[in-house]
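Chain and residue survey
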Amino acid sequence: MSQKNNILKLFRQYDPKNTGTMPAEVFRSLLTALDPSFTSEELEDVIAKVPQKEDGQLSYESFVSRVMDEITLVYWAAGKNFCGRSLAAKMSLAQAGVAHLYKAPDEVEAPATRFPPKLMTLSGVSVSQATSIAYMLGLQLNMWPTDRYLKYKAVQYCLDAMDWIAEDGSATEERVECWKAHYEDALKMSEGDFMLGKTVTTCDFVMLMACVLAEGEAHYYNPIDKTRYPNWKFATQRETDVRPTKKDIAKRVTALQALSKFKKYALVYHDAGKPFVGRSWGLMMILEEAGAQYEYKAVEDVEVPVTFAPPMIITPKGVGVSQQCAIAMVLGEELNLWPTEPARSAKALQYCGDGADFYADVSDAKSEGLIDGWLQVYEESLEISKGKFMLGNSLSACDYIRLVPCLLLEGPADNRTPIDMDKYPKTVVWMNLMKQQKGYEAAAAAGLSPKPGGWKYD
């Protein structure tokens, strides 16, 4: 049971009718019992901040929820020099009027996370990866879409924005124009003033963060030509004279109708995955694990609205998204391979992001130290899991996304230093267990190459 639930249980012992309230004198006594060091002034200061009902009773449930869900953002130097990739979370919290603390990475312990930004609450939520933080805050602050299609599109858009940020000053002018056009397409598909409709979401702030960093003086991008991209939005809303045209709206309706016609999953990848399956490998395992009907499609064979690069997915329920992590979440929820509790769902999304970053580092033959860092995070994940898989005793889609970079480590080393896996016993046990799962066995039997060049994993 979480610390928050333990404290609520204590308060409820003095609330026999389960009203969520109690007299001030009882509340004062309980606070003193919880922390005898409270001074009289401190007690009165706390009580003054507790929501009070019309009958004078204090709402202890609101108080405990607010205090125990106190939000801490973790970033380099506690965000004093710059807030960087924590900017989106900072803007989202400001939009919702929610206070937060900033801490440096060495001031807190956030289990099974690696690089900042990180988000923590006193009730035990601990996630990293900007997209997972946006998702978690979106759920907590009621700033995340609930529509079956848009809630996954929000994850994709956040990941798209983070890809743009990751390119930093290395992107060519042509590449930057592609990102701008991608945002423009997203706004044309929206039914409102924001990226996903009529209400601002935490996804908007992640996308805005990419704009802010792209426009910063430290970057080499050209200023955005707002006559060429009239829907480009830097304020909170678009001007009324640049809303989507009737042609845009008709195109949106046609595109969404086209998605609903698919009777089985369409996994979209370069040349239908024939030369190599790359980042679609883990997704293929998820589909095989669930026994879902699917087929590979080439990028030019289908249109998935407002997507930037493969892999992409179209589901029989009419969802069409790109980005490996967003697809894993879609498949996980549709195929019952995803946790349902919000905090665990956010952690699963973070774990997918970790796996995708780990995959990139292995593919780019990054240093042994960087790869060892990821494997240490895996060890920590399995330690706090208290089960056989990454999130307990139930297999989830994030297990397969996290498996792929580990499998690549067992393949040809290329220019990479071989890794001593004996240092990571929990990960080795988990990998061996994963190789016994239906999804892995079916994908391995297909004989497809994970990487360019014809290398096959067995």
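These remarks concern the structure in this document.

Within the structure shown, the criterion is met by 13 aromatic pairs. Taken together, a centroid distance of 5.7 Å and an interplanar angle of 85° make the contact between Tyr-75 and Phe-82 edge-to-face. Judged by relative accessible area, which is 43%, Phe-82 ranks as partly exposed. Ring geometry for Tyr-269 and Phe-276: centres 5.9 Å apart, planes at 85°, overall edge-to-face. Through successive ring pairs, a cluster of aromatic residues spans Phe-115, Phe-358, Trp-374, Tyr-378 and Trp-430. Note that Arg-114 overlies the ring of Trp-374, its terminal NZ or CZ placed 4.8 Å from the centroid.

Oppositely charged side chains are able to pair whenever their charged atoms sit close together. What the rule picks out here adds up to 10 salt bridges. In this structure, Lys-423 and Asp-372 form a salt bridge, with 3.5 Å as the shortest nitrogen-oxygen distance. With Lys-423 in the loop between helix H15 (397–409) and helix H16 (425–434) and Asp-372 in helix H14 (residues 368–385), this residue pair connects regions lying 51 residues apart in the sequence. The exposure class of Lys-423 is partly exposed, given its relative accessible area of 44%. Assessed through its relative accessible area of 12%, Asp-372 is described here as buried. A salt bridge links Lys-426 to Glu-383, with the nearest nitrogen and oxygen atoms 3.3 Å apart.

Residue placement: His-182 occurs in helix H8 (residues 173–189). Reaching out from His-182, the side chain makes a polar contact with the side chain of Asp-160 at a distance of 2.8 Å. Those residues within four positions of His-182 in sequence are excluded, and the remaining contacts are Gln-156, Asp-160, Val-306, Thr-307 and Phe-308.

Checked against the element boundaries, Glu-368 lands in helix H14. Each C-alpha atom, one on Glu-368 and one on Asp-420, is 9.8 Å from the other, the two residues being 52 residues apart in sequence. Those residues in contact with Glu-368 that lie beyond four places of it in its chain are Thr-417, Pro-418, Ile-419 and Lys-423.

Thresholds, definitions, all that
Residues numbered from 1 in each chain as written. Predicted model: local features only at pLDDT ≥ 70, side-chain atom pairs only at ≥ 80, totals over all residues. Heavy atoms only, no water. Phe/Tyr/Trp six-rings, centres within 6.5 Å; stacked < 30°, edge-to-face > 60°. Buried < 20%, exposed > 50% of the residue type's maximum accessible area, 1.4 Å probe, protein only. Lys NZ or Arg CZ within 6 Å of the ring centre and 35° of its normal. Salt bridge = Lys/Arg side-chain N within 4 Å of Asp/Glu carboxyl O. Helix = DSSP H or I, 4+ residues; strand = E, 2+ residues; numbered from the N terminus. Polar contact = N/O pair within 3.5 Å; in protein donor to acceptor, adjacent residues only side chain to side chain. Contact = heavy atoms within 4.5 Å.

Everything listed is a geometric property; what it means functionally is a separate question.
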